[in-house]
Amino acid sequence: MDTHFFKKLYVGFIILSFFSCVGEKRDFNTDILSNVESENRWDSALPQTAVHDHVIAHFSEKNGKVKKALIIGLDGTRPDAAVQAGMIGKISNIVPGMKFYYSYAGGDWKNGTQQPTITAPGWTTIMTGVWANQHGISTNDSGNKNPATKTFCQKVYDMDNNREVAVIAAWENITELGTYGDENVYTYTPDDGYYKKPEDYDTKDPRVVEKTIELIEDDYACIFNVIDFTDHTGHLNQFSPFNTTYVDEIERALGMAEEMINAAKGRSKFADEDWLFIITTDHGGVGMGHGGQSLPERTTFIYTNKTIN
Ligand SMILES: [Zn+2]
């Protein structure tokens, strides 16, 4: 047995892990995030299932006010890039008490719940509060979700049948497959589904925003939507807080988030209502893609005006 060989192999492994670790940390920019006042640390992040639990906790609490929720999804938005795009200042200016939580996509380590850090599994986990091993959407084309796992929208309706609830997104894999079996959830996808031609990128997401505002004004209790171009621009340019096109597009999406939150605040009954606002994402990204289990792909965020218990 050549022990020398194994020793060399071992040293090589240590050096390799050191560099991959440094590379990862540099890419997931903790310098940008170190200025953010957060409720937890990136290494004690909440599972992305916490979004579902947070919505259910909000509607379960009784405080004499009419409960409402607007959950805004920015697809493929890294937390460091969201901060770079000015999310903290922009949103906390219009909603007091916003709190920043680190969260993670991709399942838990080593217990059979790992799933790729991609769109359909991620949003379905956020909506249902369980990982793909339960909701059944483990890839972007796995078909319908397991109808026994319900989205928070359906559960909010089940608590009170007078409530109207909706899921709105440019991609029908989220609105239709991801809510499959949730009979009381209104779903909306502009035109005939996912981006068919390049100019759709300029029109689909604004129509998601328009529809959301229409439903806010129409007294819906719980609305979840997904803005998609943030992910698309990451694939075209790079998922990086230093890529100006990616960051600029996140800034544009945050402008849409402001518009939707302001529509809620502008309601004549706003003073009698208790609104939960959440901005979150389904996964991060590294280089020009995502899907793996690296830190920049797994790390996500939950930005909300209520404490997560
Ligand atoms: Zn995505």
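Read on for a plain summary of the structure. (Residues numbered from 1 in each chain as written. Predicted model: local features only at pLDDT ≥ 70, side-chain atom pairs only at ≥ 80, totals over all residues.)

Here we take up unusual backbone geometry. Even without a glycine there, the phi angle at Asp 219 is positive, about 80°. Its location among the elements puts Asp 219 in the loop between helix H10 (200-217) and strand S6 (222-227). For Asp 219, a count of 13 C-beta atoms within 10 Å translates into the label partly exposed. (Helix = DSSP H or I, 4+ residues; strand = E, 2+ residues; numbered from the N terminus. Buried ≥ 20, exposed ≤ 12 C-beta atoms within 10 Å, placed from the backbone.)

In this section: the nonpolar core. As a rule of thumb, soluble globular proteins bury nonpolar side chains together. Grouped together as the largest cluster of nonpolar side chains are 73 residues, with contacts concentrated most on Leu 70, Cys 153, Val 156, Ile 250 and Ala 257. Of the residues forming this core, the biggest block, 10 residues, is contributed by helix H12 (residues 244-265). Setting aside residues no more than four positions away along its own chain, Ala 257 makes contact with Ile 72, Ile 91 and Ile 279. (Core = buried A, V, L, I, M, F, W, Y, C linked by C-beta atoms within 7 Å. Contact = placed C-beta atoms within 7 Å.)

Attention now moves to the sheet that holds strand S8 (residues 299-304). The strand order across the open sheet built from 8 strands is S1-S3-S8-S7-S2-S6-S4-S5, with neighbouring strands paired in mixed fashion. Strand pairing shows two members of the sheet lacking a second neighbour, strand S1 (46-47) and strand S5 (185-188), which therefore form its edges. The pairing of strand S3 (residues 99-104) with S8 spans 6 bridges and is classified as antiparallel. Looking at S8, one finds that Tyr 104 is bridged to Thr 299. Helix H8 (residues 152-159) rests against strand S4 (165-169), S5 and S6 of the sheet, and its axis sits at about 165° to S4. (Pairing = 2+ DSSP bridges. Axes fitted to C-alpha atoms, helices over the stretch in contact; angles between N-to-C directions.)

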